[in-house]
Amino acid sequence: MTMHPVVSHEAWLAASREFLAREKEFTRLRDELSRQRRELPWERVEKDYSFDTAEGPAGLADLFGGHGQLLVYHLMFGPDWTEACKSCSFWADNFNGIDVHLAHRDTALVAVSRAPLTTLEAYRKRMGWTFRWVSSGGSDFNFDYGVSSRPGESEMPYNFGTMTVGPGEMPGFSAFRRGEDGAIYRTYSTYARGVDMLNGAYHLLDLTSKGRDEDGLSFTMEWVRRRDQY
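What counts, and at which threshold
- Residues numbered from 1 in each chain as written.
- Predicted model: local features only at pLDDT ≥ 70, side-chain atom pairs only at ≥ 80, totals over all residues.
- Heavy atoms only, no water.
- Buried < 20%, exposed > 50% of the residue type's maximum accessible area, 1.4 Å probe, protein only.
- Helix = DSSP H or I, 4+ residues; strand = E, 2+ residues; numbered from the N terminus.
- Pairing = 2+ DSSP bridges.
- Right-handed = clockwise from strand over helix to strand, strands pointing away.
- Phe/Tyr/Trp six-rings, centres within 6.5 Å; stacked < 30°, edge-to-face > 60°.
- Lys NZ or Arg CZ within 6 Å of the ring centre and 35° of its normal.

Draft legend 1. Representation of the pairing of strand 5 (residues 107–113) in the model. The element strand 5 is extensively covered by neighbouring structure, given that seven of its seven residues are classed as buried. Burial along strand 5 is two-sided: Thr107, Leu109, Ala111 and Ser113 and Ala108, Val110 and Val112, pointing in opposite directions, are all buried. Pairing between strand 4 (residues 69–74) and strand 5: six bridges, direction parallel. Looking at strand 5, one finds that leucine 71 is bridged to leucine 109. A crossover connection joins strand 5 to the parallel strand 6 (residues 132–135) through helix 4 (residues 117–127); in handedness this β-α-β unit is right-handed.

Draft legend 2. Representation of the pairing of strand 3 (residues 56–59) in the model. In this sheet, strand 3 lies alongside strand 2 (residues 50–53) in antiparallel orientation, the contact comprising four bridges. Paired with phenylalanine 51 across the bridge in strand 3 is alanine 58. A loop of two residues connects strand 2 with strand 3, the two strands running antiparallel in sequence.

Draft legend 3. Region of interest: the packing of aromatic side chains. Counted under the stated rule, the structure contains 23 aromatic pairs. Summarising the aromatic geometry, the rings of phenylalanine 141 and phenylalanine 176 are spaced 6.4 Å apart at their centres and angled 35° between planes, so their arrangement reads as tilted. Of this pair, phenylalanine 141 sits in helix 5 (residues 141–144) while phenylalanine 176 sits in strand 9 (residues 172–178), and the two are 35 residues apart along the sequence. Assigned by exposure class, phenylalanine 141 and phenylalanine 176 land together as buried. Ring centres 5.5 Å apart and planes at 65° place the aromatic pair tyrosine 158 and tyrosine 191 in the edge-to-face group. Residue tyrosine 158 is located in strand 7 (residues 156–158), and its partner tyrosine 191 is located in strand 10 (residues 184–191); the two are separated by 33 residues in the primary sequence. Site record: aromatic cluster; members linked through ring pairs are Tyr73, Phe77, Phe95, Tyr123, Trp129, Phe131, Trp133 and Phe173. The ring of phenylalanine 64 carries arginine 178 above its face, with NZ or CZ at 4.7 Å from the centroid. When the ring centre of tyrosine 202 is taken as reference, the NZ or CZ atom of arginine 212 above it lies at 4.1 Å.

Structure, rendered in C-alpha cells:
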C-alpha cells in the first residue's frame, strides 16, 4: 500500500473543507470558461458534405434530426481499418444513452468516421452502442475539420495547427448550430486533451486515491482495451 497520511476524522474534515474551497473556485472558473466558449464567433459552413447513414445519403443539415444544435464526435476509424481506435472506443462507451437527454435540450449527437457504413454498423453492434454513427468516407468532412490526413500526406497539422502528427486519423469534437437564417454554423471544435472532459470514466477515476494510475505506463492510455478485449 502506498504510504499516505492517515489522520483523525476531525483532521480529515478540515482538509476536505479546505480542498472544497478550491473545488468551488475551479467550478466558478469552469463556468466562466463555458460562458466564454458560448460567446465565441461562429463560422458559416459553406461546403456541402455528404454522409452515408442507415437511412440513406444525408447532408450535414440532416444530421441535426430536426434539432437546432449538433454535436459531432470525430471517431477514429479509417476506411481500411477493421476496428475503431481503442481509445475512441473508450470515449464512445461514455456516450451510450445520453442522446435522449441531449435531444431534450435541442441537441443531436452523431459520431462520424471515414470507414464504410457497413463496417461502422458491424462494429457498433459488437460494442452495443445505440447512438447514431455515420460515414463521411465520400466527402471532405474529416479533412476540413482537421482529423484526417489525405492520401500521400506524411503529416498533418492538428489541434488548430498547434501540433503536428503523422498521417492517419485523430479524435475531436465539433459543435454546430442551425441559424435562424437556415444556415449551419460551426460554433466550437476541440481536439487532443480538449476531449478529455468528455470522458466520464476518467473523471470518476479522478475521484479515487489512485487517480488514473497511468504514471508508470509507456504512454498514458496503454492500459485501455476495447470493452470486449479486457
